[in-house]
Structures are given as structure tokens and as C-alpha cells.
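Fold and geometry: a report
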Amino acid sequence: MREKKRLRLLSCLFGLWALTRAMPAAAAGAAPGDVIDRTNWQEAEGLLPESVLNWIRRGDVLHVAALSFSPNEFLPPGCRESLALNARRYDVDDNGLIVDVKTGKLPAFVTGLPFPQIDLEDSKAGSKLMYNKFYYGYATGNMLCPFQAAYITREAGFHREVELDYRTYVLDGYAAIRGEPNPDNLEVCSIVRVLAPFDIAGTNVLTLRYRDERPDSTFTYLPAIRRVRRVSPANRSDAFLGSDFTMDDAWGYAGKVNSFSWKILRKADQLIPFLDPEPQPLEANDRGEYMTGAAVKEIIWGYQEPGYTGAPWFPTNVVWVRRPTYILEARAKDPYYNYGYQYLWLDAEFYQPIFKVIHDRSGSYWKTEWQPQAGFENGASGVRLVALGCMVATDDRTDHTTVINYYTPRHRTQFFATADRNDFSLAGFQKLCK
């Protein structure tokens, strides 16, 4: 009898040991208040991409904090209602397009998040996450976003600045636009305008994105020849204006979802950068537009911080927060795409890409594009959302980085902006360029 009890006890102990071995080890460090630098970088191991850990080993510093708000409560208005309305309503077909489950066809209009429930065992879950990423942005309506791109090297520091603005006209996902005629079946139209310096000022890019399988239609105005030229979709992986970004790098990923194959590798807690632990103010006007406030927190970059020993392009006053995160593997279907495998870190509650680790076509690591996030709210109306705090693209081969500042007293983004659809037609674009 004693022998049987002893065997049962050993069996239980072995089962517990096996279960412990199968579970990933939780990082003991990286708690709010911690500072992670080259002396204790191991505390962030498993919580960051390997490239970011390497930056810490080289001198960059992370300040771990806790948010004063819950990002899952900062959903744009159209997204909140979709959590119940869109449950199991849509699917992704073999071509990577959203389809209505009942009809098997492209829906006429999608409001809010199309896939509020994600099954990790679903082979199409990666594509569904990426559609959530885009439709979260569409739910904030049309945008007018002036911004600045700074070019920075490790040795020389800041050496060039470009002023631009980005504007969109949303035709899907935004509840207020439902019912507007859309004969070309467009998803969104966007324009990027280069405002300075003088040698490239006037360069403008119009992109028309379709809801079906058609690739984007992209047109570029070049002031040197005073002509609008159509651009091949293959050019979306080329460097934009000599920066470390491509067109597809914007917002973490700006290409079409069905242009890539997507696979979820895992879901885990990760350290995510935020502009600030507190939400930033949104100011409303009589037209129903919401603008980031003039008092928004400004980022201090390494080259602006006296005595900072890390990279001159590292944002020194952002905070790092443990967040549930999906890690995806992405591969372009275009065999001539300039990138090989890419790995994206998406927040599990607001679906925005935080890190994108990029490899070349031979499989070697190349660069990392990453985006600290920010919460925004208007206390009077209750409008809340999460949006980019900035964008950073670091080429670790050349030790060169491009940083993009969105929110400063002179760069104020408008959400739910009033826009004229005619400006986003080819004729309107040509008029804008003259």
C-alpha cells in the first residue's frame, strides 16, 4: 500500500514538473518604476525584439511604467458598437479579402472592427488581426496630419529635416460615411505632400486603395518635370525620399492585407512604448473635428538630451508598459519585394503595430521600424482613441535612423476631419499640385 502511495506521489510530482517545464518563464523584472539599461538588460529578455535588446546593450535606456488608462476602453465610437455586432459576421477568403459569412462575398460596408474575436488556432487569424489594424484607424474618420521627418546618424546626429502632411478620405469602416456613393469600390484615399526643404518641396503622392483584390493606384507629382506620373505597386518597398521608411512602412504596415501572407507566432506580454502614462487632450470644434492639443507632450530625442549615452535617435522620455501582444510573421506575395520575412508586434487590444523587425530577401536582419503609442481623449464628449506617438525606423547596418514627429505645438493632427472628396480624385490631385 505504501509503495502505491509513493508511486502516485512521484507521478504527481513528475506531472507538475513537466507542466512547469512546458510553460514559458516569466520575466522577473520590468515592473513599473524599473529602469533598464546596459547593466540589467537581461530583465527585459523575452519582452522585446532582439534588435531592441541590442540597443539597450549599446546604451539606450528604458523607463518602465504603468498606464493611468486602459487602452481597451479607448476605442473610437464605431469600434465600440462593432464588438457585439461583428462577432462571427465576417471571414477572410482564400484571396485574403474580407467576406460576409452568410453570402461569401465582399460586404458592401464594414463598420468598426471586423474581427472582434480572434482564434489563435485559425489559419487566417493573422490576416484578421491586420484588418482590425486598418479598420481601427478608419473608425477615427478622415485625418489631416502635418508631421516632420528627421534624418539622424549615430556619429553625426541630426543632419536633415523634411516637413510633410498626410491627409485621408475614408470610404469604409467609418460609420458617418455609410451610404455615400462609392462606384470605384474604394476603401480609403490618401495624399502625402512634401512642404520643405526647397529641393523636394512640391513632391506629392496620391494613393487610391480598393476594397477588392486590385492593387493600389498610386500617382506621384514631381515638381522637377511638372507632371503627374503613375507609380507601380512594386515601388511600395522602395525607400521614400531617401529615408529609412518605405511607403509600406507607414503606420507599422500600410500595404494591402491580401498582398502578404500572415501567421501568428504567439501571444505574450511584451514591453510596449507609450508617449506618456496619461492620455493627451483632444480639442473639439464646431464641425465635429478633434485636434491634438497645443500642450501635447513633446518627445526628447537622444541628441537633444545632454549627457545621454545611447543613440541620438532614441526617444528618451517615453515610457515602456507591459501589454498583451500578438507577434506575427509576414511575407510578401510579390517575389520582387525588397523585404524578406518581417515580424510584427501588435497590441492585442487596439491592434496597432508597435515593432516591425525586417529581414532582407536572403534572410539576414536589416532594420527595425517601431511606433510608441499615445492615448487621446476629449473629456466633454467622451471621444477616446489610441494613435501613434511617433515613428522610428532604424537601419542597424548603416547606423542611420529616420524619426517622425506627429504631435508638437506646430504639428497638430485632426481626427474626424472635414474633407472634400474631390480633392482625392486624379483631377483634384492635379489641381492641388499646380
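Here's what I pulled together on the structure shown here. (Residues numbered from 1 in each chain as written. Predicted model: local features only at pLDDT ≥ 70, side-chain atom pairs only at ≥ 80, totals over all residues. Heavy atoms only, no water.)

Summing up its helical and strand segments, the protein has 5 helices and 22 strands in all. Taking 434 residues into account, the globule formula puts the C-alpha radius of gyration at 22 Å, and the protein, at 23 Å, falls close to it. On the principal axes, the C-alpha backbone points of the protein span a range of 90 × 60 × 50 Å. A total of 434 residues make up the protein; the buried ones form 54% of that total. A separation of at least 24 residues holds for 62% of the contacts in the protein among residues at least 6 apart in sequence. By element, 53% of the accessible surface of the protein is carried by carbon and sulfur atoms, the whole surface being about 19,700 Å². One way to put it: in the protein the 50 positive side-chain charges average out to a point 5 Å from where the 52 negative ones average out. (Helix = DSSP H or I, 4+ residues; strand = E, 2+ residues; numbered from the N terminus. Rg over C-alpha atoms; globule rule 2.2 N^0.38 Å. Buried < 20%, exposed > 50% of the residue type's maximum accessible area, 1.4 Å probe, protein only. Contact = heavy atoms within 4.5 Å. Areas by Shrake-Rupley, 256 points an atom, 1.4 Å probe, with all protein chains shown as cover. Lys, Arg positive; Asp, Glu negative; His and termini not counted. Charge placed at Lys NZ, Arg CZ, Asp CG, Glu CD.)

Next up on the list: the pairing of strand β10 (residues 227-231). Looking down a regular strand, the side chains alternate between one sheet face and the other. With 5 bridges connecting them, strand β9 (residues 217-222) and β10 associate as antiparallel partners. Opposite F219, over in β10, you have R230 as the bridge partner. Here β9 hands over to β10 after 4 residues, with R226 in that stretch at a positive phi of 55 degrees. (Pairing = 2+ DSSP bridges.)

This brings us to the nonpolar core. Grouped together as the largest cluster of nonpolar side chains are 129 residues, with contacts concentrated most on L48, W262, L271, W320, F355 and Y406. Contact partners of Y406, with chain neighbours within four places excluded, come to C145, P146, F147, W251, L388, G389, C390, M391, H411, R412 and T413. (Core = buried A, V, L, I, M, F, W, Y, C linked by side-chain atoms within 4.5 Å.)

Helical periodicity: at 3.6 residues per turn, an α-helix aligns residues three or four positions apart in one direction. Among all positions of helix α5 (residues 426-433), only G428, F429 and C433 are buried. Buried positions in α5, seen along its axis, are confined to an arc of 135 degrees and lie on one side of it. Opposite the packed face of α5, turned more than 90 degrees from it, sit the exposed residues A427 and K431. Of the surrounding secondary structure, the elements contacted by the buried residues of α5 are β7 (186-196), β8 (204-210), β9 and β10. (Arc of directions from axis to C-beta.)

The end-to-end C-alpha distance of helix α4 (residues 125-138), which contains 14 residues, comes to 20 Å, matching closely the 20 Å that a straight helix rising 1.5 Å per residue would cover. By the criterion of burial, α4 is predominantly enclosed, with 13 of the 14 residues buried. (Expected span 1.5 Å × (residues − 1).)

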